[in-house]
Amino acid sequence: MEERRQLTRVEELTYEVKIEQVMTTDVLTVTPETMMSEAKELLRNRRISGMPVVEKGRLAGVISTEDIITTLELGKDVAVREKIGHPVRTCFADEPLAQAIRRFDMYGYGRYPVVNRRGRLVDIITQGDIIHGLLRALEADYHEEETLKHEASYLLEHVDSERTRLFLSYRVRARDFVHAGDAARQIKRALVRLGAHPQAVRRMAIATFEAETNIIIHSNGGRIAVLIQPSAIRVRATDTGPGIPDVDLAMQPGFSTAPDWVREMGFGSGMGLANIRRCASTMHLASIPGRKTCLEYTVIPEKSIALREQLTRSQNDFTRNRRPIIANGKDRPAQIDEPG
Amino acid sequence: MKLRQIVDILSLTVMAGHAGLDTEVTGGYAADLVSCAMAGAQKDGLWVTLQGHLNIVAVASLLDLAAIIVTENKVVEPEALAKANEEGIPILSTPCTTFEVVGRLWEMGVRR
Ligand SMILES: Nc1ncnc2c1ncn2[C@@H]1O[C@H](COP(=O)(O)OP(=O)(O)OP(=O)(O)O)[C@@H](O)[C@H]1O
Ligand SMILES: [Mg+2]
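Computed from a predicted model, the values in this text were never measured in an experiment.

(A) Molecular detail of helix α3 (residues 55-63) of chain B. Residues and elements named next belong to chain B. Among the nine residues of α3, nine are classified as buried, and the element is accordingly described as predominantly covered. Residues of α3 that are buried include every one of Asn55, Ile56, Val57, Ala58, Val59, Ala60, Ser61, Leu62 and Leu63, and no others. Two residues or fewer after α3 comes Asp64, characterised by a positive phi angle close to 55 degrees.

(B) Quick peek at the pairing of strand β4 (residues 67-70) of chain B. All names here are of chain B. Because side chains alternate across β4, one face comprises the buried residues Ala67 and Ile69, and the other comprises Ile68 and Val70, equally buried. Handedness of the crossover is the feature at issue here: the chain leaves strand β3 (residues 45-49), passes through α3, returns alongside β4, and the resulting connection is right-handed. Bridge count between β4 and strand β5 (residues 91-93): three bridges; the pairing is parallel. Opposite Ile69, over in β5, you have Leu92 as the bridge partner. Between the parallel pair β4 and β5, the chain is carried across by helix α4 (residues 78-87), and the sense of this crossover is right-handed.

(C) Representation of the site of ligand 1. In the region of ligand 1, 19 residues are neighbours, and His218, Ser256, Thr257, Gly268 and Ser269 of chain A sit closest. The local environment of ligand 1 is shared, drawing residues from chains A and B. Between ligand 1 and Ser256 of chain A, the relevant distance is 2.6 Å, taken from an oxygen atom to a side-chain nitrogen or oxygen of the residue. In the environment of ligand 1, an oxygen atom lies 2.7 Å from a nitrogen or oxygen atom belonging to the backbone of Gly268 of chain A. When isolated, ligand 1 has an accessible area of 600 Å², and the protein chains bury 96% of it. When atoms are counted within 2 Å of each cavity's grid points, the one that captures over half of ligand 1 is the largest pocket. Listing elements by their share of the shell around ligand 1, those giving two or more residues are α8 (198-218) and α11 (272-279) of chain A.

(D) Structural detail: the layout of surface pockets. Residue and element names in this part refer to chain A. In this model, the largest pocket occupies a volume close to 660 Å³. Forming the boundary of the largest pocket are 35 residues, of which Asn214, His218, Ile244, Thr257 and Leu273 lie nearest the centre. Of all elements in the fold, only α8, β8 (233-240), α9 (247-251), α10 (260-263), α11 and β10 (292-299) reach the threshold of two or more residues within the lining of the largest pocket. Residue composition of the lining of the largest pocket, by class: 18 nonpolar, 13 polar and four charged.

(E) Quick look at the side chain of Thr213 of chain A. Residue and element names in this part refer to chain A. Within the fold, Thr213 resides in helix α8. Take Thr213: its relative accessible area is 2%, and that puts it in the buried class. If we ignore the near neighbours within four places in the chain, the residues touching Thr213 are Ala180 and Phe267.

(F) Representation of the side chain of Asp182 of chain A within the structure. Of note, Asp182 of chain A is situated in helix α7 (residues 182-194). Judged by its relative accessible area of 18%, Asp182 of chain A falls in the buried class. Not counting chain neighbours up to four residues away, the residues in contact with Asp182 of chain A comprise Glu212 of chain A together with Lys83 of chain B.

(G) Molecular detail of the sheet that holds β3 of chain B. All names here are of chain B. Spatially, five strands are ordered β1-β5-β4-β3-β2 in an open sheet, and the strand pairing comes out mixed. Because the sheet does not close on itself, it has two edges, and the strands there are β1 (13-16) and β2 (27-30). Strand-to-strand, the axes of this sheet are offset by a mean angle of 25 degrees, without reference to chain direction. Both β2 and β3 contribute to a ladder of four bridges, which runs parallel. Paired with Ala30 across the bridge in β3 is Val48. Running over the sheet, α4 touches β1 and β5 and is turned about 85 degrees from β1. Most of the contacts of helix α5 (residues 98-107) go to β3, to which it runs at about 155 degrees, and overall it touches β2, β3 and β4.

(H) Representation of the environment of Gln51 of chain B in the model. Within the secondary structure layout, Gln51 of chain B lies in the loop between β3 and α3. The contacts of Gln51 of chain B, once residues within four sequence positions are left out, are Glu264, Met265 and Gly266 of chain A together with Asp32, Ile56 and Val70 of chain B. In this structure the side chain of Gln51 of chain B is engaged in a polar contact, spanning 3.5 Å, whose partner is the side chain of His53 of chain B.

(I) Highlighting a nonpolar patch on the surface. Taken together, Met106, Tyr107 and Tyr109 of chain A make up a surface patch of nonpolar side chains, about 320 Å² in accessible area. Here Tyr107 of chain A is to be found in helix α5 (residues 97-107).

What counts and what doesn't
Residues numbered from 1 in each chain as written. Chains lettered and ligands numbered in written order. Predicted model: local features only at pLDDT ≥ 70, side-chain atom pairs only at ≥ 80, totals over all residues. Heavy atoms only, no water. Buried < 20%, exposed > 50% of the residue type's maximum accessible area, 1.4 Å probe, protein only. Helix = DSSP H or I, 4+ residues; strand = E, 2+ residues; numbered from the N terminus. Right-handed = clockwise from strand over helix to strand, strands pointing away. Pairing = 2+ DSSP bridges. Near = heavy atom within 4 Å. Polar contact = N/O pair within 3.5 Å; in protein donor to acceptor, adjacent residues only side chain to side chain. Areas by Shrake-Rupley, 256 points an atom, 1.4 Å probe, with all protein chains shown as cover. 1 Å grid on protein atoms, 1.4 Å probe; cavity = no way out; pocket = protein on both sides within 12 Å on 5 of 7 lines; lining within 4 Å. Sits in = over half its atoms within 2 Å of the grid points. Points joined across faces, edges and corners; volume = space filled by probe spheres on them. Nonpolar A, V, L, I, M, F, W, Y, C, P; charged D, E, K, R; others polar. Contact = heavy atoms within 4.5 Å. Axes fitted to C-alpha atoms, helices over the stretch in contact; angles between N-to-C directions. Patch = residues over 30% accessible without salt bridge, like charges linked within 9 Å, V, L, I, M, F, W, Y side chains within 5 Å. Salt bridge = Lys/Arg side-chain N within 4 Å of Asp/Glu carboxyl O.

Pasting the structure below:
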């Protein structure tokens, strides 16, 4: 197979960026009647090394410091016209940078006049312009990438559809301490890859670990299902088993029915459900004693919370005395502090 | 402070997870109850505990902890060591009690 060389980003940009985008536009010109001594002063004052010669708007040639020195060395001052016999190579303003770069490689001049398609001079381009232009383009590129990263751009939010949802499901076996935390870890990894907000990932990791260990410790086995949507991550942890006779009691921090052998492993402090409540935006625990338990909770990513609050506020403004339709801040999750 | 420095100063035995020794440690948490660690331990922090079973690695991994310090030479399950190596989470062992370890960490300036 033919080996295809990979195009670097800089090379790519030389095709994306047009010459007119990197020009400096404030170009200094002379006419063919300008005297060489005058041109010399202009170049010296501006600290540049060459100028286009323009006659009635059309490009007549280019004059460089080198031309001036060789002329003036002879001791006589002449009009610029005398020295611009050779044909001028130019670039078109709407050509890609790559075109200009090729010219610089081929002919080695220090600058090229840039003309529009009607032959009128619009500017000159130097190698410096190209380097600056490419650096600017790279910076813009980089900046775009950074902002995307910083928005913690949630992949799902960038998918256009009326309904975007990703469904994950994990089987959890009773007493299987060897795999305790595997579902939570896999869900966490998926959310990180999707670009979910770190706070949302952390809440989900903690809550799901607790739900998972509860199935392992207290039930006969079950399943953890996760529905990931741009606006919320919903979890349903279901199992068959003894169920919970008194849900309110079970929710109380410190209440636990865990057997001693489980407590020896550091479980059974009765803090699991409390942890879930702290991390989740909403939580609902239901059980049919002697048969099954169903725990549901959601984690709403920060961005969506902000959006919801904004909506609530504008709703408030709009409806004045009427109750806002969208939920108030009550079920907003407690802030989990991240160091640093 | 770098985890490696803490290992040196406290003469901890690195039982597993050598790959994770360059983490910059920000703080710590001590508990033998899994749900307490789950609630209180922070990212890039140390977890000082008497537990040596496999699930401590799951906790450390879920919370992105810097390392687990297992005190009183408590036996760490081989499965836990294998998992820790896999995840690059250091398990550090010491004959000292949790009380002593936390005290020394505090003296060293690990106070969050
Ligand atoms: N899926 C379940 N099936 C049956 N009972 C459950 C289930 N989940 C929780 N319970 C009951 O609720 C109690 C409290 O649960 P919680 O998670 O808060 O604490 P724990 O699991 O006992 O201890 P910890 O989570 O701190 O290790 C449990 O001890 C158990 O009696
Ligand atoms: Mg529990």
